[in-house]
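# Residue-level structural notes
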Amino acid sequence: MRQVVVKSVLSKTKRRDAWFLDDYTVNPFSGCAFNCLYCYIRGSKYGEHMEEKLSLKSNVLEVLEKQLKLRAKKGQYGIVVVSSATDPYLSVEEDSQVTRHLLEMLLHYRFPVHVITKSNRVVRDFDILKRIDRESILPTDLQPLLSHAALITFSFSTLDDAVGKLFEPGAPSPTLRLQALRETLAAGFHSGVSLMPLIPYVTDTGENLHHMFSTFETVGAKYIFPATLTLFGDGPADSKTLVLRAIEKHYPHLTEKYRKLFASGGQLPRWYRDAFASKVKSLSEAHRLKNTILEQSGSVQG
Ligand code: SF4
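Note that the coordinates shown come from a computational prediction; the quantities given were computed from them, not determined experimentally. (Residues numbered from 1 in each chain as written. Predicted model: local features only at pLDDT ≥ 70, side-chain atom pairs only at ≥ 80, totals over all residues. Heavy atoms only, no water.)

Once that is clear, we can look at the side chain of Asp-133. Secondary-structure assignment places Asp-133 in helix 4 (residues 126-135). No salt bridge is formed by the buried Asp-133, whose closest oppositely charged neighbour, Lys-130, lies at an N-O distance of 4.7 Å. At 2.9 Å, the side chain of Asp-133 and the backbone nitrogen of Ala-150 are in polar contact. The contact partners of Asp-133, leaving out residues within four places of it in the chain, are His-148, Ala-149 and Ala-150. (Helix = DSSP H or I, 4+ residues; strand = E, 2+ residues; numbered from the N terminus. Buried < 20%, exposed > 50% of the residue type's maximum accessible area, 1.4 Å probe, protein only. Lys, Arg positive; Asp, Glu negative; His and termini not counted. Salt bridge = Lys/Arg side-chain N within 4 Å of Asp/Glu carboxyl O. Polar contact = N/O pair within 3.5 Å; in protein donor to acceptor, adjacent residues only side chain to side chain. Contact = heavy atoms within 4.5 Å.)

The subject of this paragraph is the pattern of salt bridges. Summed over the entire model, instances satisfying the criterion amount to 15 salt bridges. Notably, a salt bridge pairs Lys-281 with Glu-285, separated by 3.2 Å at the nearest N-O pair. Separated by four residues within a single helix, Lys-281 and Glu-285 lie in helix 10 (residues 270-286), roughly one turn from each other. Here the two residues Lys-281 and Glu-285 agree in accessibility, since each one is exposed. Put simply, Glu-93, Arg-100, Glu-104, Arg-124, Asp-125 and Asp-127 are held in one network by salt bridges that share partners.

Here the structure, examined in full by the defined rule, presents 11 aromatic pairs. Look at Trp-19 and Phe-225: their rings are 4.9 Å apart centre to centre, the planes differ by 10 degrees, and that puts the pair in the stacked class. Of the two residues, Trp-19 is situated in the loop between strand 2 (11-12) and strand 3 (24-25) and Phe-225 in strand 10 (residues 224-226); the sequence distance between them amounts to 206 residues. In textbook terms, an aromatic cluster arises when at least three aromatic residues are bridged by ring pairs, as seen for Trp-19, Phe-20, Tyr-223 and Phe-225. When the ring centre of Tyr-24 is taken as origin, the NZ or CZ atom of Lys-12, which lies over that ring, is 5.3 Å away. We note Arg-177 situated over the ring of Phe-156; from NZ or CZ to the ring centre the distance is 5.6 Å. (Phe/Tyr/Trp six-rings, centres within 6.5 Å; stacked < 30°, edge-to-face > 60°. Lys NZ or Arg CZ within 6 Å of the ring centre and 35° of its normal.)

It is worth spelling out the layout of surface pockets at this point. Space inside the largest pocket adds up to approximately 850 Å³. A per-class count over the lining of the largest pocket returns 19 nonpolar, 10 polar and four charged. Taken together, 13 residues make up the lining of the second largest pocket; nearest its centre are Leu-37, Leu-166, Leu-242, Arg-245 and Ala-246. Those elements that place two or more of their residues in the lining of the second largest pocket are helix 5 (161-167) and helix 8 (239-250). Residue contributions to the lining of the second largest pocket peak at five residues, all from helix 8. (1 Å grid on protein atoms, 1.4 Å probe; cavity = no way out; pocket = protein on both sides within 12 Å on 5 of 7 lines; lining within 4 Å. Points joined across faces, edges and corners; volume = space filled by probe spheres on them. Nonpolar A, V, L, I, M, F, W, Y, C, P; charged D, E, K, R; others polar.)

Okay, the site of the ligand next. In the vicinity of the ligand, the residues found are Cys-32, Phe-34, Asn-35, Cys-36, Cys-39, Met-50, Ala-85, Thr-86 and Lys-118. In a pocket analysis with a 2 Å cut-off to the grid points, the ligand is assigned to the largest pocket. Residues of the shell around the ligand, tallied by class, amount to six nonpolar, two polar and one charged. (Near = heavy atom within 4 Å. Sits in = over half its atoms within 2 Å of the grid points.)

When you line up the elements, His-114 lands in strand 7 (residues 113-117). Classification of His-114 by relative accessible area gives buried; the value is 0%. Spatially, the C-alpha atoms of His-114 and Thr-255 are 37 Å apart, while their sequence positions differ by 141 residues. Setting aside its immediate chain neighbours within four residues, His-114 contacts Phe-20, Ile-79, Val-80, Val-81, Val-82, Leu-151, Ile-152, Thr-153, Tyr-223 and Ile-293. In terms of polar contacts, His-114 uses its side chain to reach the backbone carbonyl oxygen of Phe-20, at 3.0 Å.

Right, let's talk about the sheet that holds strand 2 for a bit. Across the sheet, seven strands lie side by side as 2-3-6-7-8-9-10; this open sheet has mixed pairing. Every other strand in the sheet has two partners, leaving strand 2 and strand 10 as the edge strands with one partner each. Note: strand 2 against strand 3, two bridges, orientation antiparallel. When the bridges of strand 3 are listed, Lys-12 appears paired with Tyr-24. With respect to the sheet, helix 4 is in contact with strand 7 and strand 8 (150-155), its orientation differing from that of strand 8 by roughly 130 degrees. (Pairing = 2+ DSSP bridges. Axes fitted to C-alpha atoms, helices over the stretch in contact; angles between N-to-C directions.)

As C-alpha cells, then:
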C-alpha cells in the first residue's frame, strides 16, 4: 500500500457535533477502500476508484503520541473520533493493525474514543475498547451526561446486502455489520447506528424505514442518527455524478425524480428534508430509539 508522511493526525474540531460528540478526529489512512458512491471525501483528490489512491499515514503513531502527550499535559481531554474521513477497519488494516495500536495509545493517554465504522472487524479490539470504556477520562461537561468513554457507531445506508453492494461496493455487508452490532451490544458497549445517508426512494421508503427501525430496536441499539443524502460536484469522480449514474443504471424509473430532486444543487429540497425529519421523528419515538448518545438529558457544548 502507498504510504504518506504527515505532520499532524489529531485534529481538533471547531465545535463538537451534537450527534457524534467529536472533540478530536484521527484518520490512519488517507482515502478509503470501501468506495461508497455517496462519500463526501470523493472528488478530484481520490478519483473515481478511491481504493486505488488509499495511503497509510506511515508515521501516524509517532505523531499521535506527541500530540496526545501535549493535550493530556494541558488536561485537554476530549472524545476522539476514529475515524471521520476513512474507515478505521479497512481490510488493509489487518497487516499493520494500525487502528489497534492507535487505540492502545489513546488508552495509554486515557482519551475517550468514538469508533465509527462500517466494518465487523471492530470486534477484534473489544479488549482495548473495554479498558478505554472504564479507564479513559471524559471531558468535564460530559461526565454528568454519559457514563461510557468508548462509543461504537455502525454506519448503514441499508440493511439489504444487494443494495449495499451497489452503493458501498467495498464495505462489509450490512448483514455482517448488524451481527457485529449485536456482538458489540452483548459485550456491554454503548453502541448505536448512523443511517447516513439513506438513499431517496430506495432505502428511505416507509416500508424500508419501518424495517430498519424495528430491526435496530430489536437488537437493542442505544441510539440512531438518520440523515438524508447530500451530494457533491459534477466531475467524473464526484459523489453526485456516481450516485446519479448508479440510479440511472439500477433504478431507471427513479432517474427523472432524482434529476428534479438534485436540480438546484447537492441538497435535497426543503420539503423533502422536512417530510423525512417528521417521518424519522415518529419512527424513533415509536421504536424507543434515542437520537442522542447522551444517557442523561442535557446539551453538549460546542
Ligand atoms: S466508509 Fe465512510 S469514508 Fe469510507 S468510502 Fe464509505 S463513506 Fe467514505
